[in-house]
Amino acid sequence: TRKSENALRTLKTSNNLIDFSSNDYLGFSSNPAYAKTISERVNHILKKENIPPNGASGSRLLTGNHILYNQAERLLSNFHESEAALIFNSGYDANIGFFQSVPQRGDIILFDEFIHASIRDGIQMSNAHNYKFKHNDLADLESLIERLQNIHHLTDQNPRAEIYIVTESVFSMDGDSPDLIRIVALCEKYAAHCIVDEAHAVGVLGNKGKGMVQMLGVEKKVFARIVTFGKALGAHGAAILGSKELITYLTNYARSLIYTTALPPHTVAVIIASYEQLRESEISQSTLQKNISFFNKQIESQGIKKVFIPSESAIHSAVVSGNENARKLSQKLESQGYDIKPILSPTVPKGQERLRFCLHSFNTENQILEVLKIFKKSV
C-alpha cells in the first residue's frame with residue numbers, strides 16, 4: 001500500500017548537499033571549528049577522569065553509572081535551573097519512560113494533537129486516560145478539562161485523578177509554538193501538571209539557548225521538561241528535568257532507563273562539552289537567529305509567505321499537498337544542490353504534506369536567497 005501511495009520509507013546515506021534538513025541547528029556536529037573544540041574538551045574530560053571512552057558495561061543501576069553522569073546531570077540542573085536531572089539514552093526513551101511510569105491508572109493525560117510520536121507511544125503504554133486537544137487551541141483545552149471534570153467527578157473535595165497537560169515548546173513538524181504562559185496558567189487554575197518537550201527549543205531559544213520555558217520564566221511552574229542533545233547540541237541522548245522526588249521516582253520505575261545499557265563515557269562527555277560550548281559562546285545562536293529573521297523576511301518579500309506555516313524557530317514548513325508533489329519538489333531542490341526533505345503522509349495527514357526547511361547557523365544569506373528562489377519557481 002505504501003509503495004502504491006509513494007509513501008514507502010527507505011534508509012538513505014547522508015549527502016554533500018547544502019544542509020537545510022538536519023537538526024544540527026548550531027553546527028556543533030558539522031562545523032569543523034566547533035567539532036574540533038568539542039572533541040578537544042571531550043578528550044580532556046576523559047583524560048582527567050582516567051576513564052575509558054567506550055562501553056558502559058551495563059545499565060545505570062548496575063555498572064553503567066560512571067562518574068560523568070553525575071557531572072552531566074549537575075551541569076544540566078544548574079544550566080536549566082531545575083532541582084534535578086536524569087539522563088536517558090534518547091528523547092524517545094525519555095518520553096516513553098516518563099509517560100509509561102508517572103501517570104497512574106485513573107489519571108488524565110491531555111495532549112496536543114500534534115505531539116511527538118514518542119510521547120504518543122509513551123501514553124499508549126500508560127494506564128491513564130488520555131485525550132487530545134486541537135493544536136495550540138487553548139479554548140479547546142479548557143473546554144476539554146471542564147468536560148472531563150464532570151465525567152471523572154473531579155472536585156476539590158474529591159480529587160480522584162491527577163491531570164497532566166502535555167505540549168512542545170517548538171513543534172517538530174512546523175516549528176510553531178503554543179502560548180506557554182496561558183498553558184501554565186491553565187495548569188495552575190485546574191491543579192494540573194505541565195509537561196513540556198523542549199527538544200527543538202534548547203540551543204535555539206532563550207538566553208544562551210536555555211529553551212522557551214526559561215525564556216518565559218516559568219521553569220518553577222513546569223512539572224517536567226524533556227531536553228534532548230541530538231539536535232542543537234550536536235550530541236546524543238536526552239534528559240528529564242524536574243524535582244528530586246520526580247527523578248528518584250523515574251530512577252525506580254522508568255523501564256526505558258532501568259532495562260537498557262547506559263550511554264558510554266564518550267557520549268556523556270560530548271554532552272558536557274556541548275553544554276560548555278553553549279554556555280560560553282553565543283555566536284552560533286546569534287547567527288542562527290539572524291538567519292531565521294532573514295528567512296522570514298525573504299518569504300514575505302518574495303510573496304510565498306502564504307504557503308509557509310508561521311514560525312520563529314529554526315523549522316519552517318511549506319505545505320505542498322500530495323506525496324508525489326512533495327517528493328518531486330524535494331528532488332528538484334536536491335538536483336540544484338539543496339537538501340530539503342519532504343514530510344509525507346502518513347507522518348502528516350493526507351493533503352498536509354510539506355517540505356521542511358531547517359535553518360542553521362552555518363547557512364549563508366545567499367544560500368537562503370537561492371533556495372527560496374528555486375522553491376518559488378516550482379510551487
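Worth saying up front: this structure is predicted, and the values here are computed from it rather than measured.

Asker: Looking at this model, I keep getting lost on the overall build of the protein chain. Mind explaining?
Answerer: A tally of regular secondary structure across the protein chain gives 13 helices and 12 strands. Expected size for 379 residues packed as a compact globule is a radius of gyration near 21 Å; at 21 Å, the protein chain falls within 12% of this value. Taken along its principal axes, the extent of the C-alpha atoms in the protein chain is 60 × 60 × 40 Å. Looking at the protein chain as a whole, 55% of its 379 residues are labelled buried. The long-range fraction of contacts in the protein chain, counting pairs at least 24 apart against all pairs at least 6 apart in sequence, stands at 71%. Of the roughly 17,500 Å² of accessible surface on the protein chain, a fraction of 49% belongs to carbon and sulfur atoms. One way to put it: in the protein chain the 41 positive side-chain charges average out to a point 5 Å from where the 39 negative ones average out.

Asker: What am I meant to see in the nonpolar core here?
Answerer: Soluble globular proteins: nonpolar side chains tend toward being buried together. Counting 88 residues, the largest nonpolar core has Leu-110, Ile-165, Phe-229, Tyr-275, Phe-308 and Phe-357 as the members making the most contacts within it. Sorting elements by how many residues they give to this core places helix α10 (residues 265-280) first, with 8 residues. Those residues in contact with Phe-357 that sit more than four places away from it in its chain are Phe-20, Phe-295, Phe-308, Ala-314, Ile-315, His-316, Ala-318, Ile-340, Val-371 and Phe-375.

Asker: Any chance you could explain the side chain of Asn-89 here in plain terms?
Answerer: Here Asn-89 shows up in the loop between β2 (84-88) and α3 (91-101). On the basis of relative accessible area, Asn-89 is assigned to the buried category, the value being 16%. Here the side chain of Asn-89 touches Thr-261 through a polar contact of 2.8 Å, landing on its backbone oxygen. Non-local contacts of Asn-89, meaning those with residues more than four positions away in its chain, are made with Tyr-69, His-236, Gly-237, Thr-260, Thr-261, Ala-262 and Leu-263.

Asker: Explain the sheet that holds strand β9 (residues 315-319) here, please?
Answerer: Taken together, the 3 strands give an open sheet; going across it, the order is β9-β12-β11, and neighbouring strands pair in antiparallel fashion. In this open sheet, the two strands that pair with only one neighbour each are β9 and β11 (341-343). Neighbour-to-neighbour, the strand axes of this sheet turn through a mean angle of 35°, independent of strand direction. As paired strands, β9 and strand β12 (residues 354-358) are joined by 5 bridges and run antiparallel to one another. Its bridge partner lying in β12, Ile-315 is registered against Cys-358. Of the strands in this sheet, β11 and β12 touch helix α12 (residues 323-335), which is tilted by about 35° from β12.

Asker: What's the story with the packing of helix α5 (residues 138-151) against helix α6 (residues 180-189) in this structure? I'm lost.
Answerer: In a pair of packed helices, the angle between the axes and the distance between the axes together describe the arrangement. At a closest axis distance of 11 Å, the pairing of α5 and α6 adopts a crossing angle of 10°. When the axes of α5 and α6 are compared, the pair comes out roughly parallel. Here Leu-138, Leu-141 and Glu-142 of α5 lie close against α6, whose contacting residues are Arg-182, Ile-183, Leu-186 and Lys-189. For the contact of α5 with α6, a count of residues per class yields 4 nonpolar, no polar and 3 charged.

Asker: Please explain a nonpolar patch on the surface as it appears in this structure.
Answerer: There is a patch of nonpolar side chains on the surface, built from Ile-181, Met-215 and Leu-216 and spanning about 250 Å² of accessible area. Locating Leu-216 in the fold gives a position in the loop between α7 (212-215) and β7 (224-228).

Asker: When you look at helix α4 (residues 117-125) in this model, what are you seeing that I'm missing?
Answerer: Residues lying three or four places apart along an α-helix face the same way, a consequence of the helix completing one turn every 3.6 residues. Buried within α4 we find Ser-118, Ile-119, Gly-122 and Ile-123. For α4, the angular spread of the buried residues around the axis is 140°, confining them to a single face. The secondary structure elements touched by the buried residues of α4 are α3, β3 (108-112), β4 (129-133), β5 (163-168) and β6 (193-197).

Rules and cut-offs
- Residues numbered from 1 in each chain as written.
- Predicted model: local features only at pLDDT ≥ 70, side-chain atom pairs only at ≥ 80, totals over all residues.
- Heavy atoms only, no water.
- Helix = DSSP H or I, 4+ residues; strand = E, 2+ residues; numbered from the N terminus.
- Rg over C-alpha atoms; globule rule 2.2 N^0.38 Å.
- Buried < 20%, exposed > 50% of the residue type's maximum accessible area, 1.4 Å probe, protein only.
- Contact = heavy atoms within 4.5 Å.
- Areas by Shrake-Rupley, 256 points an atom, 1.4 Å probe, with all protein chains shown as cover.
- Lys, Arg positive; Asp, Glu negative; His and termini not counted.
- Charge placed at Lys NZ, Arg CZ, Asp CG, Glu CD.
- Core = buried A, V, L, I, M, F, W, Y, C linked by side-chain atoms within 4.5 Å.
- Polar contact = N/O pair within 3.5 Å; in protein donor to acceptor, adjacent residues only side chain to side chain.
- Pairing = 2+ DSSP bridges.
- Axes fitted to C-alpha atoms, helices over the stretch in contact; angles between N-to-C directions.
- Parallel < 35°, antiparallel > 145°, perpendicular 65-115°, else oblique.
- Nonpolar A, V, L, I, M, F, W, Y, C, P; charged D, E, K, R; others polar.
- Patch = residues over 30% accessible without salt bridge, like charges linked within 9 Å, V, L, I, M, F, W, Y side chains within 5 Å.
- Salt bridge = Lys/Arg side-chain N within 4 Å of Asp/Glu carboxyl O.
- Arc of directions from axis to C-beta.

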